[in-house]
Amino acid sequence: MNKQIDKQAAQKLAQAMGDECIAFRVRALNRIVTNLYDAALSPLNVTVNQATMLIMLSLVGEATPGRIGQVLIMEKSTISRNLDRMKKQGWVETAGRDGGKEQVVRATPAGRTLLVALHPIWEAAQKQVAEFLGSKGVSAVHTLHEAVRKKHPV
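Residues numbered from 1 in each chain as written. Predicted model: local features only at pLDDT ≥ 70, side-chain atom pairs only at ≥ 80, totals over all residues. Heavy atoms only, no water.

Asker: I tried to follow the layout of surface pockets on my own but got confused; where do I start?
Answerer: Where empty space is left can be seen by rolling a probe of water-molecule size over the atoms. By volume, the largest pocket is sized at about 2000 Å³. Surrounding the largest pocket, 41 residues form its lining, N30, V33, T34, V141 and H145 being those nearest its centre. Where the lining of the largest pocket is concerned, the elements lending two or more residues are α2 (22–41), α3 (48–60), α4 (65–72) and α6 (109–151). Considering each element in turn, the lining of the largest pocket owes the most residues, 15 residues, to α6. (1 Å grid on protein atoms, 1.4 Å probe; cavity = no way out; pocket = protein on both sides within 12 Å on 5 of 7 lines; lining within 4 Å. Points joined across faces, edges and corners; volume = space filled by probe spheres on them. Helix = DSSP H or I, 4+ residues; strand = E, 2+ residues; numbered from the N terminus.)

Right under this line is the structure:
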């Protein structure tokens, strides 16, 4: 890797990579969609990541932080940071399981109340994102999600 490459050649490679990079496009789309949801949910002081975690916990009853990350495909640090904030808000609680060796998280009554309050805001954000992406874009997202889940089931 010590080979010197001139600025113009590097720029040409960077242009080709930038034009073709799937990761860039997926991450950019993720940031745009996340920002739309976060902006909509901000009056309730909740992020889309936190809402997603609250939805999951309301569906399954309780889960370990590791399981939350596995199901929602979130990094451990994202789970920890959001669970800390959610505990401070009173939306979730943790308890020991298996003699206290393993922590489980569950939604509190305040968390379930928040879920009800955020539903109409989520619906409005859902509509805004659907309009932004268009019907073909929404369909493409669903198709890609199903394909990924088949290859990486939880």
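Asker: Hey, could you run me through α3 in this one?
Answerer: Owing to its 3.6 residues per turn, the α-helix aligns residues three or four sequence positions apart on the same side. A rise of 1.5 Å per residue sets the reference length of α3, with its 13 residues, at 18 Å; its end C-alpha atoms lie 18 Å apart and thus fit the reference within 8%. Turning to α3, its buried residues are V48, Q50, A51, M53, L54, M56 and L57. Where the residues of α3 are buried, they touch α2, α4, α5 (76–89), β1 (92–97), β2 (102–107) and α6. Following α3 by one or two positions, G61 adopts a phi angle in the positive range, close to 95°. (Expected span 1.5 Å × (residues − 1). Buried < 20%, exposed > 50% of the residue type's maximum accessible area, 1.4 Å probe, protein only. Contact = heavy atoms within 4.5 Å.)

Asker: So what exactly am I meant to see when it comes to the pattern of salt bridges here?
Answerer: Opposite charge on two side chains allows them to pair when their charged atoms are near. Evaluated as defined, the whole model comprises two salt bridges. Across the salt bridge formed by R106 and E62, the nearest N and O atoms sit 2.8 Å from each other. Of this pair, R106 sits in strand β2 while E62 sits in the loop between α3 and α4, placing them 44 residues apart in sequence. Overall, E62 belongs to the partly exposed group, its relative accessible area being 30%. (Salt bridge = Lys/Arg side-chain N within 4 Å of Asp/Glu carboxyl O.)

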